[in-house]
Amino acid sequence: MTGSRSGANTADRPAERRAGVPDGRQILPLARDSHVAMYRQIANQLRDAIAGGVYKPGEKIPAEPLLTRRFGVSRITVRQAIDALSREGLVIRKQGKGTFVTVPTVHYDLLELQGIYDGLVAEGHDPQTRLLAFAQALPPARIAQRLATGQRKLLYWRRLYKVRGKPFAVADVYLDTGRTHLTREEVDRNPTYRLLEGTMQERIERADVSICYTRATASLAQILQLPRGAPLMVFERVSYNDQGVPREHSAYYARAEAYEFSLTVRGKLPITRALRAAR
């Protein structure tokens, strides 16, 4: 019965640490005479650990055999606890790999003209951002052509987005500021559309959006804390003002499992004709 107590054998602790199990001071003994089922008690402790950041989004939680030993219960009881967390959307089982804390999924309506920050807020998240780069730079030829800026330098920045403290997406933005001077502090504090429509007084009328898939470069993999070559969703946008002039190009690189896109159309949608190979 000592396996359910905080004073577990010290010989077990190195393995527990490697598996991400909190130390004995964070594991509470189960109240076996409580009206609350033991699997519910275990689920409550794991839920609190997830909420407290002990297990972060995308991280593996302890395996069932280890939880069985730590709580001194049957494997069926532990499985019921994990099933409860799975139904709540807090964890996901991956066959042959284990159980992981879910990464927040953002539902993005392609008919809504909004930025990534506003999209996260609309979904109830509290995103944190950090400016990684800020400079006047020549955009790649393809972007310069889409913005019709020729050989002019544009304002460029790279921004990191975090949700629940975990890297979620990276944005590379090229902005044609015209005669407006934007400081690093302004860009650091404000989303792109707020800069365009607020500071620059540009009315954004429409945007061209494309979505594709790529693999993480060494740089993006390091920032997003992913293996090099991991799948990324690329959300590319060109925004136009009410005069039809393109003002900004954004490329968002997001963890592939973190985004869900939707589009409502009238009538029939011929999928095969709508899809085209990337060039």
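Above this note sits the structure.
The written sequence of each chain sets the order in which its residues are numbered from 1. Local features in this predicted model are restricted to residues whose pLDDT is 70 or higher, and side-chain atom pairs enter the listing and the counts only when it is 80 or higher, whereas totals over whole chains, interfaces and linings include all residues. The side-chain quantities take in all heavy atoms of the structure and omit both hydrogens and water.

A. Here's a closer look at the overall build of the protein. Each helix and strand counted, the protein has ten helices and ten strands in total. Only protein chains enter the accessibility calculation, which uses a 1.4 Å probe; a residue whose area is less than 20% of its type maximum is buried, one above 50% is exposed, and one in between is partly exposed. The buried share of the protein, reckoned over its 279 residues, is 42%. Working rule for contacts: check all heavy atoms of both residues, and any pair within 4.5 Å makes them a contact. Residue pairs at least 24 apart in sequence account for 61% of intrachain contacts in the protein once pairs closer than 6 positions are excluded. Surface exposure here means Shrake-Rupley accessible area, sampled with a 1.4 Å probe, where a residue is shielded only by the protein chains that are shown. Carbon and sulfur atoms form 49% of the exposed surface of the protein, whose accessible area is close to 16000 Å². Note on conventions: DSSP H or I runs of at least 4 residues are helices, E runs of at least 2 residues are strands, and numbering of each starts at the N terminus.

B. Spotlight on the pairing of strand β8 (residues 231-241). Of all eleven residues in β8, nine are buried, a share of seventy percent or more. Here the rule is simple: two strands pair whenever DSSP picks up at least two bridges between them. Inspection of the sheet shows strand β7 (residues 204-215) paired to β8 by eleven bridges, in the antiparallel sense. Counted as the bridge partner of arginine 215 is proline 231 from β8. In this structure, β8 lies alongside strand β9 (residues 246-255), joined through nine bridges in antiparallel fashion. Its bridge partner being in β9, glutamate 236 is matched across the sheet by alanine 251.

C. Summary view of helix α2 (residues 38-51). To estimate how far a helix should extend, the number of its residues minus one is multiplied by 1.5 Å. The end-to-end C-alpha separation of α2 is 20 Å, in line with the 20 Å expected for 14 residues at 1.5 Å each. Listing the buried residues of α2 in full gives Tyr39, Gln41, Ile42, Ala43, Gln45, Leu46, Ala49 and Ile50. The secondary structure elements touched by the buried residues of α2 are α3 (64-71), α4 (75-87), β1 (91-94) and β2 (98-101). Backbone geometry just after α2 places glycine 53 at a positive phi near 85 degrees.

D. Fine view of the pattern of salt bridges. The salt bridge definition used is simple: a Lys or Arg side-chain nitrogen within 4 Å of an Asp or Glu carboxyl oxygen. Per the stated rule, a full pass over the model turns up 14 salt bridges. Between arginine 47 and glutamate 88 there is a salt bridge, with its nearest N and O atoms 2.7 Å apart. Remark: glutamate 88 occurs in the loop between α4 and β1 and arginine 47 occurs in helix α2; sequence separation between them is 41 residues. A residue is classified by how much of its surface remains accessible, and arginine 47, at 24% relative accessible area, is partly exposed. Linking glutamate 248 and arginine 237 is a salt bridge whose minimum nitrogen-to-oxygen distance equals 2.7 Å. With a gap of eleven residues between them, glutamate 248 in strand β9 and arginine 237 in strand β8 connect regions that are remote in the sequence. On the accessibility criterion, glutamate 248 (0% relative accessible area) is buried. Accessibility expressed as a relative area gives 2% for arginine 237, which makes it buried.

E. Molecular detail of the side chain of serine 250. Mapped onto the secondary structure, serine 250 falls in strand β9. Among the polar contacts listed, one links the side chain of serine 250 to the side chain of glutamate 248, at a separation of 2.4 Å. The contacts of serine 250, once residues within four sequence positions are left out, are Asp172, Val173, Phe235, Glu236 and Arg237. By the criterion applied in these results, polar contacts are pairs of N or O atoms within 3.5 Å in which, for protein atoms, one can donate a hydrogen and the other can accept it, and in which residues neighboring in sequence qualify only through two side-chain atoms.

F. View of the packing of aromatic side chains. Centres within 6.5 Å make a pair out of two Phe, Tyr or Trp rings, where for Trp the six-membered ring is used; the pair is then stacked when the planes are under 30 degrees apart, edge-to-face when over 60, and tilted otherwise. A full pass over the atoms with the stated rule returns three aromatic pairs. Ring centres of tyrosine 156 and tyrosine 174 lie 4.9 Å apart, and the angle between their planes is 40 degrees; on these two criteria the pair is classed as tilted. Of this pair, tyrosine 156 sits in strand β5 (residues 154-163) while tyrosine 174 sits in strand β6 (residues 166-175), and the two are 18 residues apart along the sequence. Residue tyrosine 156 is classed as buried on the basis of its relative accessible area of 16%.

G. Local environment of the sheet that holds strand β4 (residues 128-137). If you trace the six strands from one edge of the open sheet to the other, you get β4-β5-β6-β9-β8-β7, paired in antiparallel fashion. Bordering the open sheet on either side are β4 and β7, each of which pairs with just one other strand. Neighbouring strand axes in the sheet, compared pairwise and without regard to direction, differ in orientation by 15 degrees on average. Here an angle of 0 to 180 degrees is reported between the N-to-C directions of two axes, which are lines fitted to C-alpha atoms, with helices fitted over the stretch in contact.

H. Broad picture of the packing of α3 against α4. Two elements in contact, α3 and α4, have axes whose closest approach is 9 Å; the angle formed by their N-to-C orientations is 110 degrees. Compared by their axis directions, α3 and α4 come out roughly perpendicular. By crossing handedness, the relation of α3 to α4 is classed as right-handed. Residues Glu64, Pro65, Leu67 and Thr68 of α3 touch α4, and the partners they reach there are Arg75, Val78, Arg79 and Ile82. Three classes are used: nonpolar for Ala, Val, Leu, Ile, Met, Phe, Trp, Tyr, Cys and Pro, charged for Asp, Glu, Lys and Arg, and polar for all others, with Gly counted as polar. Among the residues making up the contact of α3 with α4, the classes are represented as four nonpolar, one polar and three charged. With respect to orientation, any angle under 35 degrees is reported as roughly parallel, any angle over 145 as roughly antiparallel, any angle of 65 to 115 as roughly perpendicular, and every other angle as oblique. If you view the pair so one helix is near and one far, a crossing is left-handed when the near helix is turned anticlockwise from the far one by less than a right angle, and right-handed when it is turned clockwise.

I. Quick look at the pairing of β2. Direction of pairing for β1 relative to β2: antiparallel, over a ladder of four bridges. Looking at the pairing, arginine 93 lines up with threonine 99 of β2. Linking two consecutive strands that pair antiparallel, namely β1 and β2, is a turn of three residues; a positive phi of about 80 degrees is found at glycine 96 within it.

J. Geometry of the environment of tyrosine 213. Tracing the chain through its elements places tyrosine 213 in strand β7. Among the residues examined, tyrosine 213 registers a relative accessible area of 48% and is labelled partly exposed. Taking the C-alpha atoms as reference points, tyrosine 213 and valine 234, separated by 21 residues in sequence, lie 5.7 Å from one another. Those residues in contact with tyrosine 213 that sit more than four places away from it in its chain are Pro231 and Leu232. Reaching out from tyrosine 213, the side chain makes a polar contact with the side chain of arginine 215 at a distance of 3.1 Å.

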